[in-house]
Amino acid sequence: MKIFSSELAYNYGTYTFGYAQYGELEEGDKISEIYGVGFLPYSGSPDAPNTLYMARSARVVLPEFSLTSENRRIAKKFDGMFQKKRISVQQFSLDNKFISFCLDYFAEKHGISAMPRTRLEFILRSPFISDVVIYTKDDQLIACVFEMREGLAGHFWFSFYSLSFLRQSLGMWLMLDCAREAKVDGLDYYYLGTIYGEKALYKTNFELLEWWDGSVWQRDLKMLKDRGRTDDSRVIANVDTWKEGKKLF
């Protein structure tokens, strides 16, 4: 992987100089190893395929993974309700009905501009997705997950589900269900994306959870929760120089 930095912001008064860290996938790279040093796939610009960014990501250590009381509550709510099918992304048939399903979910959950069709198609062409996990009930599409699996690692990248299940914790169950399957399949790590802000702290309900601090994987959940609850005080408006001039989704 080619690693590069992009200047972001500075404070000369405290000698603080910020640089965003990126990686570019190269032939022969193992994606699982790249995840292991704190990078996640970047899907913010059509001008940047095969690109990753470093962030405060989280992963479940599957050999030590066990259900918490909250996990068991969520599992009891949805286990056995749906039929599940895993499809290789190379064999997945993309149609307008599926696209509308995903876009309607994102528009309602995150805002209409968060996931335009061009970004969805960009993600599905990405080298960082290996499988589409489909959940149905009575032959009706209920949910889907875009997942990366390589070697002994998996990544729960994006999920979409029926709007009739909003505010019912189905998203948490999908993450839990995929993590349980990854453990059964013998994987070592299951990556859950980033943890920034208080809304993302639901991911700390997984045990055992590690998070990337920029240098090493930490297991101190109190520190993680403290950071998540105070993240709003560290948000900046700057865009790093690498993104300048690029078309953004």
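Below is a summary of the structure that appears in this document. (Residues numbered from 1 in each chain as written. Predicted model: local features only at pLDDT ≥ 70, side-chain atom pairs only at ≥ 80, totals over all residues. Heavy atoms only, no water.)

## Observations concerning helix 2 (residues 69-78)
This is how the line gets drawn: A simple rule labels every residue: compare its accessible area, found with a 1.4 Å probe on the protein chains alone, to the largest value its type can have, and call it buried under 20%, exposed over 50%, or partly exposed in between. The numbering of helices and of strands both runs from the N terminus, where a helix is a DSSP run of H or I of at least 4 residues and a strand a run of E of at least 2. By arc we mean the arc of the directions from the helix axis to the C-beta atoms, nothing more. The contact rule is simple, with two residues in contact once any of their heavy atoms fall within 4.5 Å.
Within helix 2, burial applies to Asn71, Ile74, Ala75 and Phe78. An end-on view of helix 2 places all buried positions within 100° of arc, on one side of the element. Turned more than 90 degrees away from the buried face of helix 2, the exposed residues are Ser69 and Lys76. Summarising the contacts, the buried residues of helix 2 are in contact with helix 5 (170-184). Gly80, located one to two residues past helix 2, shows a positive phi value of around 80°.

## With respect to the nonpolar core
Put simply, the rule reads: In these notes, a set of buried Ala, Val, Leu, Ile, Met, Phe, Trp, Tyr and Cys residues joined through side-chain atoms within 4.5 Å is what counts as a nonpolar core.
Residues Phe146, Phe160 and Phe206 are the most contacted members of the largest nonpolar core, which totals 71 residues. Broken down by element, this core gets its largest block of residues, nine residues, from helix 5. In contact with Phe160, not counting residues within four places along its chain, are Phe101, Cys102, Tyr105, Phe106, Leu120, Ile142, Ala143, Cys144 and Phe146. Formed by six residues, the second largest nonpolar core is a distinct cluster that contains Phe4, Ala20, Tyr42 and Trp242.

## Quick notes on the state of the cysteines
Quick note on the threshold: The disulfide criterion used throughout: a pair of cysteine sulfur atoms within 2.5 Å.
Counting across every chain of the model gives zero disulfides. Cys102 supplies the cysteine sulfur nearest to Cys144, a cysteine that is in no disulfide, at a spacing of 4.0 Å. The exposure class assigned to Cys144 is buried, which follows from its relative accessible area of 0%. Looking at Cys178, it has no disulfide partner, and the nearest cysteine sulfur is the one in Cys144, 10 Å off.

## Concerning the layout of surface pockets
Threshold: Lining residues are those with an atom within 4 Å of a point, where the points come from a 1 Å grid over the protein atoms alone and group into cavities, where a 1.4 Å probe fits but cannot get out, or pockets, open sets with protein on both sides within 12 Å along at least five of seven lines. Grid points are joined across faces, edges and corners, and a volume is the space filled by probe spheres set on the points. In this count, Pro and Cys sit with the nonpolar residues alongside Ala, Val, Leu, Ile, Met, Phe, Trp and Tyr, while Asp, Glu, Lys and Arg are called charged and the others, Gly among them, polar.
Taken as a whole, the second largest pocket encloses approximately 310 Å³ of empty space. In terms of lining, the second largest pocket is formed by 13 residues, of which the most central are Asp95, Lys97, Phe98, Ile134 and Leu141. Counting only elements with at least two residues in the lining of the second largest pocket, the list comes to strand 6 (83-88), helix 3 (96-110), strand 7 (131-137) and strand 8 (140-150). Element by element, the count of residues in the lining of the second largest pocket is highest for helix 3, at three residues. Taken together, the residues of the lining of the second largest pocket break down into six nonpolar, three polar and four charged.

## Points about the packing of helix 3 against helix 4 (residues 117-124)
Just so we agree on the cut-off: Here, axes are lines fitted to C-alpha atoms. For helices the fit covers the stretch in contact, and angles between N-to-C directions go from 0 to 180 degrees. Each angle is binned into one of four classes, with values under 35 degrees roughly parallel, values over 145 roughly antiparallel, values of 65 to 115 roughly perpendicular, and all other values oblique.
With their axes 10 Å apart at the nearest point, helix 3 and helix 4 run at an angle of 110° to one another. Comparing their axes, helix 4 and helix 3 come out roughly perpendicular. Along the contact surface, helix 3 presents Asn96, Ile99, Cys102 and Leu103, while helix 4 presents Arg117, Leu120 and Glu121. A per-class count over the contact of helix 3 with helix 4 returns four nonpolar, one polar and two charged.

## Focus on the side chain of Thr51
Short version of the rule: We call two N or O atoms a polar contact when they sit within 3.5 Å, provided that within protein one can donate a hydrogen and the other can accept it, with sequence-adjacent residues counted only if both atoms are side-chain atoms.
Take Thr51: it is sitting in strand 4 (residues 51-54). Judged by relative accessible area, which is 4%, Thr51 ranks as buried. Among the polar contacts listed, one links the side chain of Thr51 to the backbone oxygen of Pro49, at a separation of 3.0 Å. Excluding anything up to four places from it in sequence, Thr51 contacts Tyr22, Gly23, Leu40, Pro41, Tyr42, Phe128 and Trp242.

## Looking at unusual backbone geometry
For the bond from Glu207 to Leu208, the omega torsion is 15°, close enough to zero to count as cis. With respect to the helices, strands and loops of the structure, Leu208 is situated in the loop between strand 10 (189-194) and strand 11 (209-212). A positive phi angle, near 55°, is found at Tyr15, a position not held by glycine. Within the fold, Tyr15 resides in the loop between strand 1 (2-11) and strand 2 (16-24). Of the residues examined, Tyr15 reaches a relative accessible area of 60% and is grouped as exposed. A positive phi is found at Ser169, a non-glycine position, where the angle reads about 70°. With respect to the element layout, Ser169 can be found in the loop between strand 9 (153-161) and helix 5.

Read these as spatial facts, not as claims about activity.
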